[in-house]
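Each chain, letter by letter, is given below.
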Amino acid sequence: MKLAIIGTRGIPNYHGGFEQFAEFFAVYMSNQGHETYVYNSNLHPYKEKAFKGVHIIHEGDLEDKIGTAGQFVYDLNCILDAKKRDFDLILQLGYTSSSVWGRLLPKKTTIVTNMDGLEWKRSKYNKQVQKFLKRAENWAIKTSDFLVSDSLGIQKHIKETYQKDSEYIAYGAEVFNSPNISALKEYGVGEGSYNMLIARLEPENNVETILDGVVLANQSVPFLVIGKYNTKYGTYLKEKYAAEKEIRFLGGIYNLELLNNLRYFSNIYFHGHSVGGTNPSLLEAMASSCFIVAHDNIFNRSILGEDALYFEKKEDFPALLTQTKTANLQKVSNNINKIKNDFTWELINQKYEQYLLKCLKSKS
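Residue numbers here run from 1 along each chain, matching the order of that chain's written sequence. Only residues with pLDDT of at least 70 are given local features in this predicted model, and only at 80 or more are side-chain atom pairs given and counted; all residues enter the totals for whole chains, interfaces and linings. Calculated side-chain values reflect all of the structure's heavy atoms, with hydrogen atoms and water omitted.

S.K.: Please provide a residue-by-residue account of the packing of helix H9 (residues 280-287) against helix H12 (residues 329-343), values included.
M.R.: Orientation of H9 relative to H12, taken along the N-to-C sense of each, is 120°, at an axis distance of 8 Å. When the axis of H9 is compared with that of H12, the two are oblique. Residues Leu283, Met286 and Ala287 of H9 form the contact with H12, whose own contacting residues are Asn335, Ile336, Lys338, Ile339 and Phe343. Residues are grouped as follows: Ala, Val, Leu, Ile, Met, Phe, Trp, Tyr, Cys and Pro are nonpolar; Asp, Glu, Lys and Arg are charged; all remaining types, including Gly, are polar. Looking at side-chain class alone, the contact of H9 with H12 contains six nonpolar, one polar and one charged residues. Axis geometry follows a simple rule: fit a line to the C-alpha atoms, using only the stretch in contact for helices, then measure angles between N-to-C directions, giving values from 0 to 180 degrees. Strands are runs of DSSP state E lasting at least 2 residues, helices are runs of H or I lasting at least 4, and numbering of each runs from the N terminus. Should an angle fall under 35 degrees it is taken as roughly parallel, and over 145 as roughly antiparallel, whereas 65 to 115 is taken as roughly perpendicular and any remaining angle as oblique. Every residue pair with non-hydrogen atoms within 4.5 Å of one another is taken to be in contact.

This is the structure in structure tokens:
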């Protein structure tokens, strides 16, 4: 199969969940003998033409000059280039800034789209943008040959709203088995002595609710916030909690080994994501032996079930913060087993490969 992956900023991952998946899956597909290409933004720090056997195609991205609109230009450039390369299949990750160009996708190529989360529900967007994203979701479905849902909640939404079937394939993670407590030194914390979250600092990830709850609980326990804060909302949060000495904004961290150690040695890991599907950071927290307190919604409950505690509002936190990881080790163990049985990268990559081959055969 001659495969292209579009819709990400590129590999290796310096950004988020789709980029992490694209990196792991592209390398896997290349190792399986498929001719695999990934489109990279020219703003991506990796400038080589290949990565671990994967061909890298660099395309122009104006995001540094014109902001979010630059992503639309980048996606257009990727699609126009793809029309010239005779790919057997294009795997499109997300649709936010690409589905507007959907009718330009090559007609002879099989198009498979991962529908991401419910982007139009994200509260960071104003009503006009939300309306556009709702249309973009519709465009993506109409211009794709086949669809992937990364959660059962998304699959249900697509079926009920558009009467379309989609293949449920989640993200992956690997169980973290090599903890090194020396990784904590630079952060001045010890094993089990701190709580934390990892998220994009956006309203729908409930970071403010979590931090308001931490303040309300009034404990002298360090709370680590990992996520880029050089945005309008990130700056707002950093300034709001500037007087709270236990709340520490660490910025974005992309060293997976370091992140895994921070997760592994934490007391409570908070997961506030409320929009979207199976969030990669949730699986990585499960795989790193975290005791998890999550926002109460269908996406999180469909993965965690009874193996987490849940919050809805800041008033829930004084009670939640009395909990400890040592008192909830069975939940931690159950989540590790879920990763081993359902969410390893090897299993997820195999599911994607099998599904893409099935799609290719179905269209031919």
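What follows continues from the structure just given.
S.K.: Before we move on, could you go through unusual backbone geometry and cite the residues and values that matter?
M.R.: The peptide bond linking Ile11 to Pro12 adopts the cis configuration, its omega dihedral lying at -5°. Phi at Lys52 takes a positive value of approximately 50°, unusual for a residue other than glycine. Inspection of the secondary structure puts Lys52 in the loop between strand S3 (50-51) and strand S4 (54-59). In this model, Ser289 sits at a positive phi of 60°, which is unusual for a non-glycine residue. In this fold, Ser289 is placed in the loop between H9 and strand S13 (292-295).

S.K.: Pulling in residues and values, what's your account of the sheet that holds S4?
M.R.: Pairing between strands requires that DSSP locate at least two bridges from one strand to the other. With mixed pairing, eight strands are arranged side by side in an open sheet as S3-S4-S2-S1-S5-S6-S7-S8. A single partner strand is all that each edge strand has here, and the edge strands are S3 and strand S8 (167-168). Pairing of strand S6 (residues 110-114) with strand S7 (residues 146-149), which is carried by three bridges, proceeds in the parallel orientation. From the neighbouring strand, Val112 faces S7, where its bridge partner is Phe146.

S.K.: Tell me about the nonpolar core, residues and numbers included.
M.R.: Among the nonpolar cores identified, the biggest contains 60 residues, and Leu3, Ile5, Phe25, Leu91, Leu262 and Ile292 are the most heavily contacted of them. With eight residues, the single largest contributor to this core is helix H1 (residues 17-31). In this text, buried Ala, Val, Leu, Ile, Met, Phe, Trp, Tyr and Cys residues form a nonpolar core when linked through side-chain atoms within 4.5 Å. Three labels apply to residues, based on accessible area from a 1.4 Å probe with only protein chains included: buried if under 20% of the type maximum, exposed if over 50%, partly exposed otherwise in between.

S.K.: Account for the packing of aromatic side chains, with residues named and values stated.
M.R.: Two aromatic rings, drawn from Phe, Tyr or Trp (for Trp, its six-membered ring), form a pair once their centres lie within 6.5 Å of each other, and the interplanar angle then sorts them: stacked below 30 degrees, edge-to-face above 60, tilted otherwise. Counting across every chain of the model gives 19 aromatic pairs. Note on Phe21 and Trp345: the rings are 6.1 Å apart at their centroids and 25° apart in plane angle, and the pair reads as stacked. Highlighted residues: Phe21 in helix H1 and Trp345 in helix H13 (residues 345-363), separated in sequence by 324 residues. For Trp345, a relative accessible area of 8% corresponds to the buried category. Taking the centre distance of 4.8 Å and the plane angle of 70° together, the rings of Phe24 and Trp345 count as edge-to-face. Of the two residues, Phe24 is situated in helix H1 and Trp345 in helix H13; the sequence distance between them amounts to 321 residues. Members of the aromatic cluster, joined through ring pairs, are Phe18, Phe21, Phe24, Phe25, Tyr28, Tyr171, Trp345 and Tyr352.

S.K.: Requested: an account of the sheet that holds strand S11 (residues 247-251), with residues and values cited.
M.R.: Ordered in space as S11-S10-S9-S12-S13-S14, the six strands form an open sheet in which the pairing is parallel. Pairing within the sheet leaves two strands with one partner each, and these edge strands are S11 and strand S14 (309-311). Looking at each pair of strands side by side, their axes are set apart by 25° on average, direction ignored. Looking at chain direction, strand S9 (residues 195-198) and strand S12 (residues 269-271) are connected through two bridges and run parallel. In the strand pairing of S12, Leu197 is matched with Phe270. Relative to the sheet, H9 contacts S9, S12 and S13, its axis offset from that of S12 by approximately 155°.

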